[in-house]
Structures are given as structure tokens and as C-alpha cells.
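# Reading the structure
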Amino acid sequence: MEIAVLFFLSSGLFLGWALGANDAANVFGTAVGTRMVKFGTAALICSIFVILGATISGAGAAHTLGKLGAVNALGGSFMAAFSAAAAVYAMTKVGIPVSTSQAIVGSIIGWNLYSENVTDTNALIKIVTTWFVCPVLAAVLGASLYKLTHVVLGFAKLHLLRLDAYTRIGLVLAGAFGSYSLGANNIANVMGVFVPSSPFTEFRFMDLVTLSSVQQLFLLGAIAIAVGVFTYSKRVMLTVGGGLMPLSAVGAWVVVVSHSIVLFLFASVGLESILASNGLPTIPLVPVSSSQAVIGAVIGIGLLKGGRGIRWNVLGGIFTGWMITPIISALICFVGLYFLQNVFDQKVYQPVSFEMSEMVIERLDQEKISRAHFVDLTGQRYDSGRALMQAVGRQTSLSSKEEGKVLDFARISPLTISIDKIEHLDTEWFSGPQIQALKELSGRSYRYNWRLADALSKQSEAWKLKPKITANKLYNKGVSQRLEGLYRKFKD
Amino acid sequence: MELPKMKGLFGRSRALEVEIDHFHDKLSQSAVIFKTALAAYLKAGATEGFIERQQHLNALETEGDKLRRSIETKLYAETLIPESRGDVLGLLEASDEVHGALQGALWGFAIELPDIPEEFCEEFMELGDMAVMTVESLVLASRAFFRNIEAVLDHNHKVEFYETEADKISSKLKMAIFRSDLDLAHKLHLRTFVERIDEIADKAEDVADHLNIYAIKRSI
């Protein structure tokens, strides 16, 4: 690997380190602060499970973040991660509780603004909504679990010492689960921006373990988190103990479990598939803030007890953090990108062009976006998503979903299906009929991504999307993810 | 990887649980022995039976001391119940003072051999009974602190009730003593013994007061 690549990744590692130093305290802070679990034990368990969570189930939440804005040059990814880390560091210094999730979303928007990319409003709304839902959900879970634990302990009548022993084991288990969820949910914050420009290739170890390029990236980020846990989290853990509200060890256990369940819900692909296959609405996979989940759970327990002892100014702090962090992060990113591009002469984004060709307008018409909207735009080319949207905006007004479709269909992304690249496809991921259909298209070139998708679905049922109902959601998602894999692989 | 350690953790907890139970047993036995010793003294003075009981109570107090030290050392050396160990320490030491008060009262009878006129015997016994009931309720409250936190308040309520009763009896008894025809030295001597027995109930109430706070702390 080139030195330059490592240099660019370093900002992601810095962000990972900051996350490890701060967020590990959410998982093990009370346990270590009250001396129920030794720091060494906590750090070891935390590191192992963060790495497992990130590598095994980190992809779900990263996907949503990628939708918000695909940072497509390593220089841009560097600055996005760097500005998020800088914002987190600065806010922590001032003493305002922050989350890496909010910081990274801010810096992606900063990158979008700089590269004249259009921010996907739907993805943004989805992410921001979960930020509000996450602490509320944690509060409800915390309160219910607290009540339940109270009832169970009332029946069990455990000896103080026995309860102590169980609580220790409970804290270690909950901490392991919490670390796994933290890794799965928050690795997207650390390494998500590097996914579209990942410098790694697939790695196989004796046919036993296969790590995709994204998994290698996540592994590296998780190791950075682990280093953060070992080098810096002890101090934070010891101070976080009684930060919000005095809690007993059992209360601490309830908080950690609620926090972990919330993070897990927003990261678990497995749960999504169970819900979808039963026709139930799915939970969006979004990186949420572990600090806010913890705060939510503590407040939930506090409210259950009548609201005494809660420090309400902490709530004010969270809201301030919510407002300020993304803005600061976006600003640092925007200014930083300017310097990186103009002073250090680095490529911070790959320009993407758009074209309203007859073919595109025809396709949009099929999608029920009438060609009447685009009559004056036929044949026009635009150097950025924003320019296209401004031109469309002068003609007509579209909903944000329709705008998204226009951007998707008009994006020029030339690709060529070459037989040697087909040979290198992961046969475990793509099915036989899918690869067969691709082979039949070998040698052909396409100007737009969707042209390949259409051609494939004509070739084979295996590439066809099913009607949009909840039960089909997962199947369609799988096909779409494979298509995106193809777009990356066969890009000219 | 944690299996042997976990077994160790449970093993250590169980051993300590047993020691704490023993500590409570000793205090509760001492209370019963105090009662029979007092009855024996009021009936026939410092007879062999009384001395035997008094020595038995001494032995129980010494064993209680040993258990208390062993429990305290283990709690701190093995960092068990880090949040509550300060409270447990306070509880054990205050309970030890109750034990000390039982022992001290009997020592007083054995050394000073007070001459208790028959007319006061019944009330002395009543006072002794009440003090013993205070201690017995305290032992229940203290056991509940370890096993069933919600019951602590119920038992503590009884401790307070019996202590008030003991105070009433002791005031009445002292009034009767000082209004009697005994000489002043005799009156003062008897008063000391009324106060020594009443002190057992007072000390038990002090522990119950602490227990109330510890129980509230643990329910958070």
C-alpha cells in the first residue's frame, strides 16, 4: 500500500481513536467507575467485541451514511473524517457532550456543499429522525427494564453479595454486547466515508476467512477504536461514573443493556431481515450516538422515579450539541477541503457530470415523472448535481424523492462489462444465473448505471426487482447492493 | 476464560454470606442468653448458672468480633460490593456495640453485685425483655438488609417501637426507685443498672437509624 493512502486513512484512525476514548466509557464507564469491573478486563473485552461488531455487522449502518453523500476521493474522505474528529475534540474540550455520528454527518454535508453534490434529503431526514428517536427509545427501554429488574429482584431476594457477583457478571456480559453493538453501529462513522474510495482488495486467509475490502477497512478502524480504549478511556470512565445521576450498580447494568439494545437495533441486518420477512416495518440502519442512548436510558430511569435527581441542564447540553456539532463539523470540512485542494493540490472529489439526454427523459417518464417537466432541458449537460437541480428548479418543482430519481438517472457513469472482471467476481455473493446474465452482456458499454440494471433485468429474473412491499424489501435491497457492487467493479 | 474466576467469585461470595449469617446468629444468641442470665440474677443473684451464662455471652462476643474483622478484611481485600461495603462496615461495627452493651450490662451485675429489692424485680425483667426484643428485631432488620431490602423498614419500625417502650419502663422504674425508702447510694447504684439495660435498646435504635439510610441508598 502506498504511504499516501496510509496518510489519508490516518484521519479516520484519529476519529476511531477519539471514539474509542470517549464511547467506551458509555459501555464500561459505570462498571469501572464503581470498581465493579477492573479497567484491564473492561478494556480487553471492549476491544475484542468492538472489532468483532465492526467487522461482522458494520456494513448496515455504513450503507445509509453512504447514501447521504458518497465521498468519492481519498482526499475528501481524509478531510471529512478529520473535520469530524476535530469537531468532536473541540466540543469535548468545551465540555459539551457530542457524538461522532453528528460530526460525521455534518462533514459529509460540508463535502457535498464543496463538491456541489446534492445532499440526499430523504437519507438526511432518516438520519436526523433517528437521532431524536434513539434517546427516547433508550429512555423507554431503560424505564421498562429497570421496572422489570426491580420486580425480578424483589421476587428473587438475592443476598447482597450474591447480587454483587451476578451484577459483576451481568456488567461484563452487557459490556461485551454493548461493545459489539458500538462497533457494529458506529464503525460507519469512523470508516464510512472511506468506503467508496477504499484502497483495499479482497483478502482470503487459507479459504477459511474472507475479508472484503470494506471489512478490512472496518477492521483497521476498529483497531484504532481499541487503541483509543486502551490509551485514553480510563480517565473518561472514572469520571463518567456519577456524571448524570447517581445510579446503583444494578441501575448501571440496566443503562448499559438499554444502550446496547438501541445501538444494536439500529445496526442489525439480521433483525431487519427477520422483520422484513414477516412483513413488519423495518428499523432504519443508521449510526446513532451512543452517548445519547446512555443519557436517554438514565433519564428514563430518572423519570420512572419521579424525575428527582436528573440534571436537566445535561439535556440542554445535548440539544446544544445537536445543533452545534454538525454545523461546526461542516464548516471545518468546507474550509479544510478548500485548503487541501488549493494549497496542497490534492484531489478532494471526483467531478460527476449529469446529462438530460432523450434516453434519460424517456426513463424518467416511465418512472411517472412526466417528460413535460424537462422539455427545455433535453440534451443539456451539467457539471454538478447542484447545477442540474437548479436547472430543474427553474422549470418545475419536484418532490425530494423525484429529485433523487432525476439525479440517479441523469448521472453519467460510463462502464464496460469485461470478461476478465467477471472472472474475478465473488461467486458466493453473486448467484449462478446472475453471473450468467452478466457474461451474456460482456463486451458492452453503458453510459449510465441504470442502463446496465435494465439490461440485466431483461436478461434474467435473478436481476429483477420485486414489487415494492415490505416482504420484498430485503430481496430488493440485496439485488440493489449487488448492482452497486457491479457499478464500482466495471467503472471505466 | 473467566470460568475459574467466576467460580471463585461465587465461592468467595458464598463463604462471606455464611460468615455474615454467623455474625447475626451470635448477636441473636447473645440477646437470648442475656435474657436468661438477667432472669437468673433477679431470682437468685450471681449463682453459678448466672456466671455460666455471662461467660457464654463473653465467648459469643469474642467470636462475633473475630467474624466482623474477617468479613471486613475480605470485603476490602477482594473489592466485593464496592458501593455498599462502607455501609456494611458501619453496620457491623454498630451491631458490635450492641453486642458490647449486652456484655457490659452482664459484667456489671457480675462485678458490682447490685442488690435489687423484690418490688423492682418485675420491672427490671420487663425492661430486660424489651431491650432483648429491640435487639432481636434489629437482627431481623440487619439480615433483611442483605437479603430483602424492602423488609428492612418493617423490622426497623419494631426496633423503634420497642425502644420507646423500654424508655417508658426505664423512666417509670427510675421514678419508683427514687421515690422509695432506699438510701441514696443504693438508689444511685440501681439507677446505673436501669441505664445500662436501657442503653442496649438505645444502641440498637442507633443501628436501626443507620440501617434506614443504608436501605434508602441501596434502593436507588
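If you're wondering where the values come from, they're calculated on a predicted model, not measured in any experiment.

Looking only at helices and strands, chain B has six helices and zero strands in total. Counting from the amino terminus, chain B carries its helices and strands in the arrangement α-α-α-α-α-α. Across its three principal directions, the C-alpha atoms of chain B cover 80 × 35 × 20 Å. Within chain B, the proportion of its 220 residues that are buried is 49%. Once local pairs closer than 6 in sequence are excluded, the contacts in chain B between residues at least 24 apart make up 81%.

Turning to the interface of chain A and chain B, a few remarks are in order. Each partner contributes residues to the interface: chain A has 23 residues there, and chain B has 25 residues. Of the roughly 2,200 Å² buried between chain A and chain B, counting both surfaces, carbon and sulfur atoms make up 61%. The interface formed by chain A and chain B contains one salt bridge. Between chain A and chain B we count three residue pairs in polar contact (both at pLDDT 80 or more) in total. The element best represented in the side of chain A that touches chain B is helix α7 (residues 160–191) of chain A, accounting for nine residues. For the side of chain A that touches chain B, a count of residues per class yields 12 nonpolar, five polar and six charged.

What follows deals with the packing of helix α6 (residues 121–156) of chain A against helix α9 (residues 249–265) of chain A. Residue and element names in this part refer to chain A. Two numbers describe how α6 lies on α9: the axes approach to 8 Å, and their chain directions differ by 135°. With respect to α9, the element α6 is oriented oblique. As α6 packs across α9, the resulting crossing turns out to be right-handed. On α9, the residues that touch Cys134, Leu137, Ala138, Leu141, Gly142, Leu145, Tyr146, Thr149 and Leu153 of α6 are Val250, Gly251, Trp253, Val254, Val257, Ser258, Ile261, Val262 and Leu265. Across the contact of α6 with α9, the residue classes break down as 14 nonpolar, four polar and no charged.

All names here are of chain A. When its domains are assigned, chain A resolves into domain 1 (3–342), domain 2 (354–410) and domain 3 (415–489). Taken together, the contact pairs five residues of domain 1 with seven residues of domain 2. For the pair domain 1 and domain 2, the summed buried surface comes to about 560 Å²; carbon and sulfur atoms form 49% of the total. Interface area lost by domain 1 to domain 2 is led by Glu116, Val118 and Asn122, which between them contribute 76%.

In this structure the tally under the stated criterion is 26 salt bridges over all chains. The partner of Arg447(A) in a salt bridge is Glu355(A), and the shortest N-O contact between them spans 2.8 Å. Here Arg447(A) is found in the loop between β6 (445–446) and α18 (449–459), whereas its partner Glu355(A) is found in strand β3 (residues 354–355), with 92 residues between them in sequence. Notably, a salt bridge pairs Arg68(B) with Glu93(B), separated by 3.5 Å at the nearest N-O pair. Taken as a pair, Arg68(B) in helix α2 (residues 48–77) and Glu93(B) in helix α3 (residues 85–112) lie far apart in primary sequence, 25 residues in all. Overall, the relative accessible area of 10% leaves Arg68(B) in the buried class.

What follows concerns the side chain of Thr55(A). Residues and elements named next belong to chain A. Here Thr55 is to be found in helix α2 (residues 39–57). Judged by its relative accessible area of 11%, Thr55 is buried. In this structure the side chain of Thr55 is engaged in a polar contact, spanning 2.6 Å, whose partner is the backbone oxygen of Ile51.

As a further point, take α6(A). Residues and elements named next belong to chain A. With 36 residues, α6 extends 51 Å from end C-alpha to end C-alpha; this agrees with the ideal 52 Å at 1.5 Å per step. Of all bends in α6, the biggest is about 25°, found at Val133, and the proline Pro135 comes one to four residues later. Among all positions of α6, only Ala123, Ile127, Thr130, Trp131, Cys134, Pro135, Ala138, Ala139, Gly142, Ala143, Tyr146 and Thr149 are buried. Where α6 starts, the residue carrying a side-chain oxygen 2.9 Å from the main-chain nitrogen of Asn122 turns out to be Asp120. Within two residues after α6, Lys157 carries a phi angle of roughly 45°, on the positive side.

Mapped onto the fold, Ser457(A) is located in helix α18. With sequence-adjacent residues up to four places away left out, Ser457(A) is seen in contact with Trp463(A) and Lys464(A).

Let's shift gears to a nonpolar patch on the surface. Residues and elements named next belong to chain A. Judged by side-chain polarity, Leu113, Phe334, Val335, Tyr338, Phe339, Val343 and Phe344 come together as a nonpolar surface patch covering roughly 690 Å² of accessible area. By the element assignment, Phe344 lies in the loop between α12 (312–342) and β3. Residue classification places Phe344 among the exposed positions, given a relative accessible area of 55%.

This part covers the environment of Pro82(B). Among the secondary structure elements, Pro82(B) is positioned in the loop between α2 and α3. Leave out the neighbours within four places in its chain, and Pro82(B) touches Thr34(A), Arg35(A), Met36(A), Asp164(A) and Arg168(A).

Calculation criteria
- Each chain carries its own residue numbering, running from 1 in the written order of its sequence.
- Chains carry letters and ligands carry numbers; both start at the beginning, A for chains and 1 for ligands, and go up in the order they are written.
- With the structure being a predicted model, the display of local features is reserved for residues of pLDDT at least 70 and the display and counting of side-chain atom pairs for 80 or more, all residues being used for whole-chain, interface and lining totals.
- Calculated side-chain values reflect all of the structure's heavy atoms, with hydrogen atoms and water omitted.
- Helix numbering and strand numbering both begin at the N terminus, where a helix is a DSSP run of H or I of at least 4 residues and a strand a DSSP run of E of at least 2.
- Burial classification: accessible surface area is computed with a 1.4 Å probe over protein chains only, and a residue below 20% of its type maximum counts as buried, one above 50% as exposed, and the rest as partly exposed.
- Between two residues, a contact is recorded if the distance between any of their heavy atoms is within 4.5 Å.
- When two parts are put together, the accessible area they lose, computed with a 1.4 Å probe and summed over both, is reported as buried area.
- Salt bridges are defined as contacts in which a side-chain nitrogen from Lys or Arg sits within 4 Å of a carboxyl oxygen from Asp or Glu.
- Polar contact criterion, stated in full: a pair of N or O atoms within 3.5 Å, where within protein one must be able to donate a hydrogen and the other to accept it, and residues adjacent in sequence count only if both atoms are side-chain atoms.
- Each residue gets one label: Ala, Val, Leu, Ile, Met, Phe, Trp, Tyr, Cys and Pro are nonpolar, Asp, Glu, Lys and Arg are charged, and the others, such as Gly, are polar.
- For helices, the fitted line uses only the C-alpha atoms of the stretch in contact; every axis is such a line through C-alpha atoms, and the angle between N-to-C directions lies from 0 to 180 degrees.
- By definition in this entry, angles of less than 35 degrees are roughly parallel, angles greater than 145 are roughly antiparallel, angles of 65 to 115 are roughly perpendicular, and the rest are oblique.
- Note: crossing handedness is left-handed where the near helix turns anticlockwise from the far helix by less than a right angle, and right-handed where it turns clockwise.
- What marks off one domain from the next here is an automatic or database domain assignment.
- Take the residue count of a helix, subtract one, and multiply by 1.5 Å to get its expected span.
- Here the bend at a residue means the angle between the axes of two seven-residue stretches, the one that ends at it and the one that starts at it.
- Surface patches are defined over residues having more than 30% relative accessible area and no salt bridge, joining like charges when they lie within 9 Å and nonpolar side chains (Val, Leu, Ile, Met, Phe, Trp, Tyr) when within 5 Å.
- The accessible surface values rely on the Shrake-Rupley method and a 1.4 Å probe; as for residues, cover is taken only from the protein chains in view.

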